[in-house]
Protein chains: 4
Amino acid sequence: MNTSVLRTASRHLSKAGRPRSLRTVRGYATFNWEDPLAASELYTEEELAIQETARQYCQEQLQPRVLDAYRHENYDRRILEEMGELGLLGATIEGYGCAGVSTVASGLITKEVERVDSGYRSGMSVQSSLAMTAIHEFGTEELKERLLPGLAKGKLAGCFGLTEPNHGSDPGAMETVAREHPTKKGTYLLSGAKTWITNSPIADVLVVWAKLESTGKIHGFAVERDQCPAGTLETPAIKNKTALRASITGMIQLDDCPVPAENMFPEVQGLTGPFTCLNSARLGIAFGAMGALEDCLSRARTYALERKQFKGNPLAKYQLIQKKLADAATDATYGTLAATQVARLKDAGKATPEMISLVKRQNCDRALANSRILQEVFGGNATSDEYHIGRHVANLFVVQTYEGQSDIHALILGRAITGVQAFV
Amino acid sequence: MNTSVLRTASRHLSKAGRPRSLRTVRGYATFNWEDPLAASELYTEEELAIQETARQYCQEQLQPRVLDAYRHENYDRRILEEMGELGLLGATIEGYGCAGVSTVASGLITKEVERVDSGYRSGMSVQSSLAMTAIHEFGTEELKERLLPGLAKGKLAGCFGLTEPNHGSDPGAMETVAREHPTKKGTYLLSGAKTWITNSPIADVLVVWAKLESTGKIHGFAVERDQCPAGTLETPAIKNKTALRASITGMIQLDDCPVPAENMFPEVQGLTGPFTCLNSARLGIAFGAMGALEDCLSRARTYALERKQFKGNPLAKYQLIQKKLADAATDATYGTLAATQVARLKDAGKATPEMISLVKRQNCDRALANSRILQEVFGGNATSDEYHIGRHVANLFVVQTYEGQSDIHALILGRAITGVQAFV
Amino acid sequence: MNTSVLRTASRHLSKAGRPRSLRTVRGYATFNWEDPLAASELYTEEELAIQETARQYCQEQLQPRVLDAYRHENYDRRILEEMGELGLLGATIEGYGCAGVSTVASGLITKEVERVDSGYRSGMSVQSSLAMTAIHEFGTEELKERLLPGLAKGKLAGCFGLTEPNHGSDPGAMETVAREHPTKKGTYLLSGAKTWITNSPIADVLVVWAKLESTGKIHGFAVERDQCPAGTLETPAIKNKTALRASITGMIQLDDCPVPAENMFPEVQGLTGPFTCLNSARLGIAFGAMGALEDCLSRARTYALERKQFKGNPLAKYQLIQKKLADAATDATYGTLAATQVARLKDAGKATPEMISLVKRQNCDRALANSRILQEVFGGNATSDEYHIGRHVANLFVVQTYEGQSDIHALILGRAITGVQAFV
Amino acid sequence: MNTSVLRTASRHLSKAGRPRSLRTVRGYATFNWEDPLAASELYTEEELAIQETARQYCQEQLQPRVLDAYRHENYDRRILEEMGELGLLGATIEGYGCAGVSTVASGLITKEVERVDSGYRSGMSVQSSLAMTAIHEFGTEELKERLLPGLAKGKLAGCFGLTEPNHGSDPGAMETVAREHPTKKGTYLLSGAKTWITNSPIADVLVVWAKLESTGKIHGFAVERDQCPAGTLETPAIKNKTALRASITGMIQLDDCPVPAENMFPEVQGLTGPFTCLNSARLGIAFGAMGALEDCLSRARTYALERKQFKGNPLAKYQLIQKKLADAATDATYGTLAATQVARLKDAGKATPEMISLVKRQNCDRALANSRILQEVFGGNATSDEYHIGRHVANLFVVQTYEGQSDIHALILGRAITGVQAFV
């Protein structure tokens, strides 16, 4: 665990009276609507302290920026550095300047970031779960030592190029190729296009998956922007997005972009590489989506208590409103328990990709469905972006869709349950 | 029916081979996915011609503008004039330069406008169903003759001020007041604030509902902007909306704004006045929402046919995709039939407000639910505004919410069904 | 129209003050929760009179019997005769002792029968839409004259053997065969098994679809039980059904059962024959399911008004209850309008099979979903069969499933919408 | 833990190769569709052994009886004795011949019983969580020692009389009264009626809640049938139930039924008493419903693999089928994790009634919804009771309804979340 987090976390622990989710009043447990099934009981003191650190940062530093960032599609590059300073990037990695915390702690960080905005979480996930995990799991020791510390500190920005314009749910059909340089030994030339790549316009290190021309097998490369000759790498931003506007998204266009062989991941080929990273990211999403949902719930609850309609009653007094709140609280706590279970299993070496498909799918589906229903609580005022709910709703659609659309994960599960595939 | 529509419509009728929804091939009917239950069989030739005129205008003149308008919250004031020219404004009104078409024809116009954008439809609905209907139903003959022709031509822009910051679903609790001028006989002074008022920043004629201070009863006033002394009427725009960004929305702030007694609607008091207008608008929404849904369906179908995933199959080949399309087509055609039925009943003097609550609620609910499901067909590409689906999804949430949130209409229906009210 | 219906209907028409769904009170229309969108306005006086006749019979003669019939799986064979007497069987057929009413009128009859019980409606549908339609559409003139009058009167009971134990959704794979008698010219021998055949145990005339051994093509046969030698035809009842217990269901087991060539339908082959009959039946189901749903709604409404909980309020006073009622009323009226539209199109020669798939699917889906939600209104009392709701819920599951399971119709529609099939 | 369970459990533990839910194959975890998120990892070896014991008994002894019991509403009284023998009754109670296992273990027993049938589980729950818990928590020591051992062994049957014909969701309005005997000191006379009481017709010990006439406060009484004079206690069975037919249900009719003061629970009054018992039962239901759902899933999966439609493909090959299975597996595992969490909290003294409302509601809602969707997999064959799915579907509706209908629990949660009650 890196020192910065540690410091903050200990400071926090020493605060007397820190609210725990399950308060005991005169010997009796009381219900806490923010943690209805007391998931916090499953976390260690350290994990709770890390969550609190992340929460404080997110609420104090990110929340005030998000409205403007979302309106103007204006991602603040300094956020990565701030996160790096706190040790939030690549937090599960041991060494290389990373915090080395549990998968559960990492999930709780993710949840706190997405409580503010799914776009902010996307930026962090791409850095941590995709770019850093790829390099950490598959890169040479030299590559790790060279790139991970900068990525961990947020000095370097990373991205992850898998999806292509014509190949979303079916990455195995990718068209990007890597061929050996005709004359320059030990160099590969990458050509092709990736799209919907979070962070690509600002990335210093671009993990790119391409098919080796000679074998047709997929391999991963860490492309360092500052090593690319002009005209071989372009990363135009995609603007006018309908969601995730607080993150920055773009394409990766490679035109015989030269990459040294040392930057190729030596031992992994096929989709094992990208799927390992995606599994890490997806589990983070399963936590994160619950953070966004909890924020929707909290805002809807506050609105329902403050807004009066019909004889001065708060909206909270009406059955149709209460049912929406109860449903959302239920799905948020169920999803948190399930993500926690998978994170614990992962740390114990017992998690499977299907488990991650399951929690990614369900938590995203339920976060989206409930956020939409909670949006109704706000009536016409939901149209004002200052109530934040519309932003979450728009974001959560994308969160449900990326890194495996809900139906795709249903078919992954269907195959695991029946032994029969139904993709085609 | 005004001459401009007539001209266009007749021109259209003379075109040979105009596609009708139910083609007969060698004596057998064939299924038309764009009109699955052949609703067009319920329309007169004139109604179909009017729809076609509106469709042509919308697809050729509005569709190309909508992306930019939505991105920049930039409503083009000329649209009202263009619509006026075609006779689309206040189309059901007889005389005063209006077209005098059937409620069904008016609904079909609405549907075509909302096929492009719910915001464009909102601008038209407010002008026609709210401002013009209010003046036509409740204004003095002098007022009608003075204001309706300009509104019908789109030379004047109208708006409708009912909702207040603290009173959305419960307009009876409004706080805006009208009091007799202490010295100037025959003049009322209006004070208060209205919000979420479509068109207010550009409106020349503002229909405003206020409580008469002396009686506490609600009355309507046609406020003419050019008659208001400086500082008595402000209509600031509301920006950064999460939806309906192609329409212009604002507040109405009245500070002892003087309005001549002749501009008060003489014979209606209480909520009868605004509810009459809302009923007209809501029926339009019931048609309009089906237009937006049909556009979502059409775009999703096209995308599903063009996008290939897994062994070169189009998405359209997959069961989970087909089910989404089938569900949407079903709800679109059911909703169109139901709205048509109510419109016919209305023209026959047999419609009731509850019927309108029913179709407004159901069509909005189903349009919203299906548009969200169709959005999934686009995967990550839904995040690009150029696919238009995200815009419809965001819009339809507001459409479901305004002019009676879904739950409010449920309670109106519940009361009608049981005889017991459950609002409080 | 046969004389018996005529008599009853006219008697009914002469009754002054018959309640129409859309009453006009002092010039204003009033809302009728039993017909929220005034579908009755779409029916002729004759159609309404027929509906009333059917309703009276069903409420007076069938309703009192259904509880006992359902409990004991005890279908009363006399019901067919009673229906025959009133002209309700094969009602759309002209001549042969049939009433020759419109498809709409026939749908309204169906609706009234299913208002009591889906099983009673199944018995009638099989007789009318399946057995009689098959013989009327495809039989020789001789066959029609010999069998239809008895079937129309309910003296003969009919059934329809298409589904086989291993082939439900895919009837084209049927295994039942017909081969020419090795020695007896002009006779076919039928062998195979059909299952889930309503009325089979009591059927006198069994329409059976089989593949001609020589060609592999499907042909239809009218098997007359009294002509079958012992041991060649068995029709064991299926007992302990979980639903539709007021109808009688069984198998058809054919073991070289001889059928004269004159009983084969001469001009139809393949699935055109059975699908024509199924289309007729499915449209009836689309009406019928709305009858069952309306009965659920009516019973839930009554219960909600009578049952008091919490400070003496009727359940009807609670928002969560009102929403259930409003939703059900909405779906019932939408479904009725849609079925009516297709029936009118059918009489005009403009209906397509896809339209019927659409209304069959949607009306069954919505009837089932709403009946289940309405069941909640009854709380624990729903467990008592005397409230009837549990019976409707159980029945409607089967109604949704038979004659095309919901998903199968979704794929039929998906194919019609996209031009691509997704069955396999 | 009582010796019988111990014996069986140990025998079981010694069996080599007992399948655990998370098998590890060559170092890698593999996905187990029967326990997708490896909930079994949360259980102790003893808990797993107890589950296995219960499972074996249920599958071997109960499953073969259930079809006939359900058909004929014929509960076998010996089941209580069999369960008693195994130590399954009142299993969490320490002493009095009870097993004294954890709440988790008790939940797992419940799950195994409901995997067979919700009615069998109801019978056990009433005995354990309601009757025995009431006596154990609130009875005098003498009462406990006299009654609990017989109830634990199943020699005595217990029931729990709270619900009345006119008061379901609002038990505080009960009408049953207890008054002091006018002459016989130390005796109360109970009068009133209870309904929908599981086990009442066979109960030897009837826990009855009644209002003390003198104070209006609710008190509990253990009524011993063999002490009641003829005519003072009747417990007629309710027949022709639409669900839970494998359990026995009845009324309790009390007519000045004398009960000795020692049989009144001395220290509890108001609804605290019954709600304590209900909380115990509801947590059991949260586990049990997951058992029923898992059985539905397992049967649907098997059917989907065995049933071939369209070109010989198993149903399992179709996307629409796979989605149903994936959804059900997800809800089953989420619900199991949540119930486990609350059970652990309960044993740690940290559970609150709202937590139990939450898991009871959600698990019942999801079990019901998914069982209905899984029923579709069976097509028409679901109508045969031999596929068991129709029975589960019918049962689960009641399970969702009793011990707090879903909406009531939503309002309990809504109140806990907002601090505002919306019951009236």
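Quick notes on the rules
Residues numbered from 1 in each chain as written. Chains lettered and ligands numbered in written order. Predicted model: local features only at pLDDT ≥ 70, side-chain atom pairs only at ≥ 80, totals over all residues. Heavy atoms only, no water. UniProt positions renumbered as here; feature names shortened; annotations may be inferred. Salt bridge = Lys/Arg side-chain N within 4 Å of Asp/Glu carboxyl O. Buried < 20%, exposed > 50% of the residue type's maximum accessible area, 1.4 Å probe, protein only. Helix = DSSP H or I, 4+ residues; strand = E, 2+ residues; numbered from the N terminus. Least-squares fit on C-alpha atoms with pLDDT ≥ 70 in both. Contact = heavy atoms within 4.5 Å. Domains from an automatic or database assignment. Buried area = accessible area lost by both parts, 1.4 Å probe. Polar contact = N/O pair within 3.5 Å; in protein donor to acceptor, adjacent residues only side chain to side chain. Nonpolar A, V, L, I, M, F, W, Y, C, P; charged D, E, K, R; others polar. Expected span 1.5 Å × (residues − 1). Bend = angle between axes of the 7 residues up to and from the residue. Phe/Tyr/Trp six-rings, centres within 6.5 Å; stacked < 30°, edge-to-face > 60°. Pairing = 2+ DSSP bridges.

- Labelled according to an unreviewed UniProt entry, chain A appears under the name glutaryl-CoA dehydrogenase (ETF), originating from Aspergillus campestris.
- Among the UniProt annotations of chain A, the heading Cofactor (unreviewed entry) holds the following wording: "FAD".
- Quoted verbatim from the Subcellular location (unreviewed entry) heading of the UniProt record, the comment on chain A is "Mitochondrion matrix".

1. Considering the pattern of salt bridges
Part 1: Applying the stated criterion across every chain, the model contains 107 salt bridges over all chains.
Part 2: In this structure, Arg78(C) engages Asp76(C) in a salt bridge whose closest nitrogen and oxygen atoms are separated by 2.8 Å.
Part 3: Here Asp76(C) falls in the buried class, since its relative accessible area comes to 17%.
Part 4: Here Arg115(D) ties to Glu112(D) by a salt bridge, and the two come within 2.9 Å at their closest N and O atoms. Of this pair, Arg115(D) and Glu112(D) both sit in helix α4 (residues 103–116), 3 residues apart, roughly one helical turn. Each member of the pair, Arg115(D) as well as Glu112(D), is classed as buried.
Part 5: Taken together, the shared-partner salt bridges connect Arg55(A), Lys111(A), Glu112(A), Arg115(A) and Glu294(A) into one network.

2. Quick word on the relation of the copies chain D and chain A
Part 1: Relative to chain A, chain D is turned by 180 degrees and slid 0.0 Å along the rotation axis, the superposed coordinates differing by an RMSD of 0.0 Å. Accordingly, the operation relating the two chain copies is best matched by a two-fold axis. Of every C-alpha in chain D, the one belonging to Tyr334(D) sits nearest the axis of rotation, 3.2 Å from it.
Part 2: A high fraction, 100%, of the interface residues of chain D reappear at the interface in chain A, so the copies pair face to face through one surface.

3. Observations concerning the domain arrangement of chain A
Quoted interface sizes are often the accessible area lost when the parts come together.
Residue and element names in this part refer to chain A.
Part 1: Per the domain assignment, the segments making up chain A are domain 1 (39–157), domain 2 (159–269) and domain 3 (272–418).
Part 2: A C-alpha centroid distance of 31 Å is found between domain 2 and domain 3.
Part 3: The interface of domain 2 with domain 3 comprises 11 residues on the first partner and 11 residues on the second.
Part 4: Carbon and sulfur atoms supply 81% of the area buried between domain 2 and domain 3, which totals about 840 Å² over both sides.
Part 5: Counting every contact that joins domain 2 to domain 3 gives 0 salt bridges.
Part 6: Across the contact surface, domain 2 and domain 3 share 1 residue pair in polar contact (both at pLDDT 80 or more).
Part 7: Along the lines of polarity and charge, the residues of the side of domain 2 that touches domain 3 split into 7 nonpolar, 3 polar and 1 charged.

4. Considerations on helix α6 (residues 141–153) of chain C
Since the α-helix advances by 3.6 residues per turn, residues separated by three or four positions end up pointing in the same direction.
Residue and element names in this part refer to chain C.
Part 1: If you check α6, its first and last C-alpha atoms are 18 Å apart, about what 13 residues at 1.5 Å a residue would give, namely 18 Å.
Part 2: Leu147 marks the point of greatest bend in α6, at about 35 degrees, and the proline Pro149 comes within the next four residues.
Part 3: Looking at the buried residues of α6, the elements they touch are α3 (78–86), β4 (98–99), α5 (118–138), β5 (158–161), β8 (205–212) and β9 (218–224).
Part 4: Gly154 lies just past α6 and shows a positive phi near 80 degrees.

5. Comments concerning the UniProt feature "domain: Acyl-CoA dehydrogenase/oxidase C-terminal" (unreviewed entry) in chain A
Part 1: Following the UniProt record, the feature "domain: Acyl-CoA dehydrogenase/oxidase C-terminal" (unreviewed entry) maps to residues 272–417 of chain A here.
Part 2: For residues 272–417 of chain A, the end-to-end C-alpha separation is 21 Å, with 78% helix and 0% strand making up the annotated structure.

6. Things to note about the interface of chain D and chain A
Part 1: In this assembly, 58 residues from chain D lie in contact with 58 residues from chain A.
Part 2: In total, about 4,800 Å² of surface goes out of reach between chain D and chain A, with carbon and sulfur atoms giving 65% of it.
Part 3: Of all residues in chain D, Phe31(D), Tyr334(D) and Ile417(D) bury the most surface against chain A, accounting for 16% of the area lost on that side.
Part 4: Between chain D and chain A we count 4 salt bridges in total.
Part 5: Here Arg361(A) and Asp327(D) are joined by a salt bridge, their closest N and O atoms 2.5 Å apart.
Part 6: At the boundary of chain D with chain A, the tally comes to 24 residue pairs in polar contact (both at pLDDT 80 or more).
Part 7: Secondary-structure elements contributing two or more residues to the side of chain D that touches chain A are α7 (272–306), α8 (319–347), α9 (353–377) and α11 (406–418) of chain D.
Part 8: The element that contributes the greatest number of residues to the side of chain D that touches chain A is α8(D), accounting for 17 residues.
Part 9: Counted by class, the side of chain D that touches chain A contains 33 nonpolar, 14 polar and 11 charged residues.

7. A few points about the packing of aromatic side chains
Part 1: Taken as a whole and assessed by the stated rule, the structure comprises 40 aromatic pairs over all chains.
Part 2: When the ring of Tyr303(C) is compared with that of Tyr387(C), the centres are 5.5 Å apart and the planes differ by 90 degrees; the resulting orientation is edge-to-face. With Tyr303(C) in helix α7 (residues 272–306) and Tyr387(C) in the loop between α9 (353–377) and α10 (389–401), the pair connects residues that are 84 residues apart, well separated along the chain.
Part 3: In this structure Tyr303(C) comes out as buried when scored by relative accessible area, which is 8%.
Part 4: Since its relative accessible area comes to 31%, Tyr387(C) is described here as partly exposed.
Part 5: Aromatic side chains Phe160(D) and Trp209(D) sit 5.8 Å apart centroid to centroid with 65 degrees between the ring planes, which places their arrangement in the edge-to-face category. A residue pair is termed long-range when its members are at least 10 positions apart, and Phe160(D) in strand β5 (residues 158–161) and Trp209(D) in strand β8 (residues 205–212) qualify at 49 residues. An identical accessibility class is assigned to Phe160(D) and Trp209(D); each is buried.
Part 6: Three or more aromatic residues joined by ring pairs make a cluster, and in this case those are Phe138(A), Phe160(A), Trp209(A) and Phe265(A).

8. Points about the interface of chain C and chain A
Part 1: With 4 residues of chain C at the interface, the matching set in chain A holds 4 residues.
Part 2: Of the roughly 440 Å² buried between chain C and chain A, counting both surfaces, carbon and sulfur atoms make up 66%.
Part 3: Between chain C and chain A we count 0 salt bridges in total.
Part 4: Taken together, the links from chain C to chain A amount to 3 residue pairs in polar contact (both at pLDDT 80 or more).
Part 5: In the side of chain C that touches chain A, the residues fall into 2 nonpolar, 1 polar and 1 charged.

9. A few points about the side chain of Gln362(D)
Part 1: For Gln362(D), the location among the structural elements is in helix α9.
Part 2: Side chain to side chain, Gln362(D) and Asp331(A) meet in a polar contact 3.4 Å long.
Part 3: For Gln362(D), the residues in contact, after removing those within four places along its chain, are Thr330(A), Asp331(A) and Tyr334(A).

10. A short note on the environment of Ile252(D)
Residues and elements named next belong to chain D.
Part 1: Along the polypeptide, Ile252 turns up in strand β11 (residues 249–260).
Part 2: Along the backbone, Ile252 and Pro201 are 51 residues apart, and their C-alpha atoms lie at a distance of 8.2 Å.
Part 3: Once residues lying within four places of it in the same chain are set aside, the contact partners of Ile252 are Cys159, Gly161, Gly192, Ala193, Lys194, Ile197, Ser200, Leu206, Val208, Leu233, Glu234 and Thr235.

11. Some words on the side chain of Arg391(C)
Residues and elements named next belong to chain C.
Part 1: Relative to the elements of secondary structure, Arg391 occurs in helix α10.
Part 2: From its side chain, Arg391 meets the backbone oxygen of Val116 in a polar contact 2.7 Å long.
Part 3: Looking at Arg391, its side chain comes within polar contact range of the side chain of Asp117, at 2.6 Å.
Part 4: Leaving out residues up to four positions away in the same chain, Arg391 has contacts with Gln63, Val66, Tyr70, Val116 and Asp117.

12. Re the environment of Leu413(A)
Part 1: Mapped onto the secondary structure, Leu413(A) falls in helix α11 (residues 406–418).
Part 2: Judged by relative accessible area, which is 1%, Leu413(A) ranks as buried.
Part 3: For the pair formed by Leu413(A) and Pro353(A), sequence separation is 60 residues and the distance between their alpha carbons is 9.8 Å.
Part 4: If near-sequence neighbours (up to four positions away) are discounted, Leu413(A) is found in contact with Glu354(A), Leu358(A), Arg361(A), Phe31(D), Ala326(D) and Thr330(D).

13. Some details on the relation of the copies chain C and chain A
Part 1: Overlay of chain C on chain A (RMSD 0.0 Å): rotation 180 degrees, translation along the axis 0.0 Å.
Part 2: In this assembly the copies share their binding face: 100% of the residues contributing to the interface of chain C also contribute to that of chain A.

14. Some thoughts on the pairing of strand β5 (residues 158–161) of chain B
All names here are of chain B.
Part 1: Residues Gly158 and Phe160 of β5 are buried on one face, and the alternating residues Cys159 and Gly161, pointing to the opposite face, are buried as well.
Part 2: Judged from the 4 bridges that link them, β5 and strand β8 (residues 205–212) form a sheet pairing that is parallel. Its bridge partner being in β8, Gly161 is matched across the sheet by Val208.

15. A word on the pairing of strand β7 (residues 187–198) of chain B
Residues and elements named next belong to chain B.
Part 1: In this sheet, β7 lies alongside strand β6 (residues 177–180) in antiparallel orientation, the contact comprising 4 bridges. Of the residues in β7, the one forming a bridge with Arg179 is Leu189.
Part 2: As consecutive antiparallel partners, β6 and β7 are separated by 6 residues, and within that stretch Gly186 has a phi angle of approximately 75 degrees, a positive value.
Part 3: Pairing analysis gives 9 bridges linking β7 to strand β11 (residues 249–260), with the strands arranged antiparallel. Bridging from a neighbouring strand, Leu189 pairs with Pro258 of β11.

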